[in-house]
Amino acid sequence: MTTESGKRVRLGRIVGLYGVQGWVKLESWTEPRIQIFRYQPWLLSAPGVEKEIGGINGRAQGKGLVAYLPGIDDREQAAALIGCEITVARDQLPAPAEGEFYWTDLEGLEVVTLENEVLGRVSHLFATGANDVMVVRNGERERLIPYVRGPYVHSIDLSAGRVVVDWDPEF
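Predicted, not measured: the structure shown is a model, and the values here were computed from it.

**Examining the overall build of the chain**
Moving on, step 1. Secondary structure assignment for the chain yields two helices and 13 strands.
Moving on, step 2. With the principal axes as the frame, the chain shows a C-alpha extent of 60 × 30 × 30 Å.
Moving on, step 3. Every one of the 171 residues in the chain was classed for burial, and the buried ones make up 38%.
Moving on, step 4. Across the chain, every contact between residues at least 6 apart in sequence was considered, and the portion connecting residues at least 24 apart equals 51%.
Moving on, step 5. Of the roughly 9700 Å² of accessible surface on the chain, a fraction of 47% belongs to carbon and sulfur atoms.
Moving on, step 6. Side-chain charges of the chain comprise 18 positive and 24 negative groups, with the mean position of each set lying 7 Å from the other.

This is how it looks when you write it as structure tokens:
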């Protein structure tokens, strides 16, 4: 599988404070959510903030996650990190199983119909209760295509940079 050298993958973000000793609350986008602690170091980034940090300790706390970030020892330091996205280098993630893909690897791929009509490029994907959705953009036009293998997504070729879908270009 080819990936962009140096590509970063978003795993979550810091959403709040926990206690007075610098612990933070996290939103994790990994499955299961506790897996976020498996991938380190993290690059924390927000406007005006960029900090690489490793040695993170964390745990499930109620319905969420909390973490201690080495070097962040009080509530004031932790508060400065609220809103930071948590990213890791793409090559830190294990290779996906055959026929599976990380969403980040699909972003930027050209999307074409079965008749080879270009619909645009994958901007991003998001989860819904029923299925995941690919957001495909072509200039001002945006299409939301269910990411369902078979009925809608027929093939994905990372090396060719292309996703073939069964989708009406007028929709």
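**Quick look at the sheet that holds strand 7 (residues 85–89)**
Moving on, step 1. Pairing is antiparallel across the open sheet formed by seven strands, whose spatial order is 4-3-7-1-2-6-5. Because the sheet does not close on itself, it has two edges, and the strands there are strand 4 (49–53) and strand 5 (57–61). Across the sheet, the axes of successive neighbouring strands diverge by a mean angle of 35 degrees, strand direction being ignored.

**Description of a negative patch on the surface**
Moving on, step 1. Taken together, Glu115, Glu117, Asp166, Asp168 and Glu170 make up a surface patch of like negative charges.
Moving on, step 2. Here aspartate 168 lies in the segment after strand 13 (162–165).
Moving on, step 3. For aspartate 168, a relative accessible area of 46% corresponds to the partly exposed category.

How each quantity is defined
Residues numbered from 1 in each chain as written. Predicted model: local features only at pLDDT ≥ 70, side-chain atom pairs only at ≥ 80, totals over all residues. Heavy atoms only, no water. Helix = DSSP H or I, 4+ residues; strand = E, 2+ residues; numbered from the N terminus. Buried < 20%, exposed > 50% of the residue type's maximum accessible area, 1.4 Å probe, protein only. Contact = heavy atoms within 4.5 Å. Areas by Shrake-Rupley, 256 points an atom, 1.4 Å probe, with all protein chains shown as cover. Lys, Arg positive; Asp, Glu negative; His and termini not counted. Charge placed at Lys NZ, Arg CZ, Asp CG, Glu CD. Pairing = 2+ DSSP bridges. Axes fitted to C-alpha atoms, helices over the stretch in contact; angles between N-to-C directions. Patch = residues over 30% accessible without salt bridge, like charges linked within 9 Å, V, L, I, M, F, W, Y side chains within 5 Å. Salt bridge = Lys/Arg side-chain N within 4 Å of Asp/Glu carboxyl O.

By themselves, these are just geometric observations and shouldn't be taken as functional.
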